[in-house]
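Summary of structural features
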Amino acid sequence: MNQRVLITGATGHLGSRVAEHAAGAGWTVVGTYRHAAGAHAGEQLDIRDASAVRELVRRVRPAVVIHTAAGRDDWRVIADGAAHVAAASAAQGSRLVHVSSDAVFSGREVEYDEDAPPDPLYRYGAAKAAAETAIAAVDPAAAVVRTSVILGDGRGQHENLTRDLIAGRARGALFTDMIRTPVHVDDLAAALLELAASDYRGVLNVSGPDAISRYDLGVLVARREGLDPSLIPAATLAESGARLAADVRLITERAASVLRTRLRGVREFMPV
């Protein structure tokens with residue numbers, strides 16, 4: 001590509017894979033980190049600091065900014081940080097690709113396309129919805145990618161949780177009635193880079209075609225790694241009392257028509 005891409009959160013699971021894919025495709029990669037530098041992450045950045053974000057984007061002058069940085073319990077990182085990145089990108093004239101989440105939905109409608117309005121149930125989803133609103137206002141030309149559970153290479157949060165539950169290192173359970181449409185981290189990374197080089201604007205759902213429960217997904221992870229799936233604690237959302245969306249399925253027909261990247265189902269890349 002011979003163009004510069006700035007990747008926020010380049011030491012995270014998704015961000016690091018995006019950086020690796022980008023470098024392999026010939027992009028000049030500049031990645032940010034919060035606490036510890038990584039292979040493609042040499043710029044320390046706190047995205048809660050608007051002036052720091054603005055100064056970094058001005059100095060790096062990226063053609064594209066891919067915003068993967070996350071902070072699960074920090075509104076200032078998720079919502080305010082996204083607004084800061086969008087404002088700085090727009091001021092510099094950089095293309096913005098932002099990663100959002102199916103957590104913006106309550107599950108009341110079950111299936112959601114790109115035109116579905118957010119109706120989050122809990123703080124993380126509300127922060128992600130606020131980030132989407134800020135980006136649409138500041139940079140309407142940005143691509144906003146809603147995705148689901150990210151895994152496939154053994155380093156995903158759900159994969160780590162499954163191993164920890166089986167080993168007794170974590171407490172809790174995987175829910176049998178919490179349905180999502182997981183995506184392979186490499187498919188998502190490829191899609192983000194494809195969007196970086198396109199002029200697609202607005203929301204795009206990028207997830208796999210297979211709907212599966214968190215518990216059944218854990219079973220697939222365990223079987224892939226030769227672990228005993230009977231050791232995975234199971235529960236329902238009703239039993240737990242957790243205020244989380246039950247069944248959220250992203251419709252990806254638009255992604256199939258827009259992207260060359262094929263989004264594999266979890267039963268393809270982690271077969272039973």
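In the block above lies the structure referred to throughout.
A few points on the structure. Computed from a prediction, not measured in an experiment: that's the story for all the values here. (Residues numbered from 1 in each chain as written. Predicted model: local features only at pLDDT ≥ 70, side-chain atom pairs only at ≥ 80, totals over all residues. Heavy atoms only, no water.)

1. Looking at the layout of surface pockets
It is a probe the size of a water molecule, rolled over the atoms, that shows where empty space is left. Applied cut-off: For each structure, a 1 Å grid was placed over the protein atoms alone; sets of points admitting a 1.4 Å probe that cannot get out are labelled cavities, open sets with protein on both sides within 12 Å along at least five of seven lines are labelled pockets, and lining residues have an atom within 4 Å of a point. Grid points are joined across faces, edges and corners, and a volume is the space filled by probe spheres set on the points. Counting from the N terminus, the helices are the DSSP runs of H or I reaching at least four residues and the strands are the DSSP runs of E reaching at least two.
Considered as a void within the structure, the largest pocket measures approximately 1300 Å³ in volume. Lining the largest pocket are 45 residues, with Ala70, Arg72, Tyr124, Ile150 and Gln157 sitting closest to its centre. Among the secondary structure elements, those contributing two or more residues to the lining of the largest pocket are helix 1 (13-24), strand 2 (28-33), strand 5 (95-101), helix 4 (123-138), helix 5 (157-167) and strand 9 (174-175). Tallying contributions element by element places helix 5 first for the lining of the largest pocket, with four residues.

2. Re the sheet that holds strand 12 (residues 202-205)
Pairing between the strands of a sheet comes from backbone hydrogen bonds, and it takes one of two forms, parallel or antiparallel. As a reminder, the rule being used: Here the rule is simple: two strands pair whenever DSSP picks up at least two bridges between them. To get an axis, a line is fitted to the C-alpha atoms, and for a helix only the part in contact is used. The angle between two axes follows their N-to-C directions and goes from 0 to 180 degrees.
In spatial order, the strands read 3-2-1-4-5-7-12; together these seven strands make up an open sheet with parallel pairing. With partners counted over all chains shown, the strands left at the sheet margins are strand 3 (41-44) and strand 12, one partner each. Taken pair by pair, the neighbouring strands of this sheet meet at an average axis angle of 25°, ignoring direction. Looking at chain direction, strand 1 (residues 4-8) and strand 4 (residues 64-67) are connected through four bridges and run parallel.

3. Looking at the side chain of His158
We apply this condition: Here, residues are in contact when the closest pair of their heavy atoms is within 4.5 Å.
Looking at the element boundaries, His158 is found in helix 5. Apart from the residues within four sequence positions on either side, His158 is in contact with Val149, Leu174, Arg214, Leu217 and Gly218.

4. A few points about the packing of helix 1 against helix 6 (residues 185-196)
Threshold: Orientation is classified from the angle alone, with under 35 degrees giving roughly parallel, over 145 giving roughly antiparallel, 65 to 115 giving roughly perpendicular, and any other angle giving oblique. Should the near helix be turned counterclockwise from the far one by less than a right angle, the crossing is left-handed, whereas a clockwise turn marks it as right-handed. Throughout this entry, Asp, Glu, Lys and Arg are counted as charged residues, while Ala, Val, Leu, Ile, Met, Phe, Trp, Tyr, Cys and Pro are counted as nonpolar. The remaining residues, Gly among them, count as polar.
Two elements in contact, helix 1 and helix 6, have axes separated by 9 Å at closest approach and are oriented at 60°. Comparing their axes, helix 6 and helix 1 come out oblique. In the crossing of helix 1 with helix 6, the sense of the turn from one axis to the other is right-handed. Together, His13, Leu14, Arg17, Val18, His21 and Ala22 of helix 1 and Val185, Asp186, Leu188, Ala189, Ala190, Leu192 and Leu193 of helix 6 make up the contact between the two elements. Grouping the constituent residues of the contact of helix 1 with helix 6 by class yields nine nonpolar, two polar and two charged.

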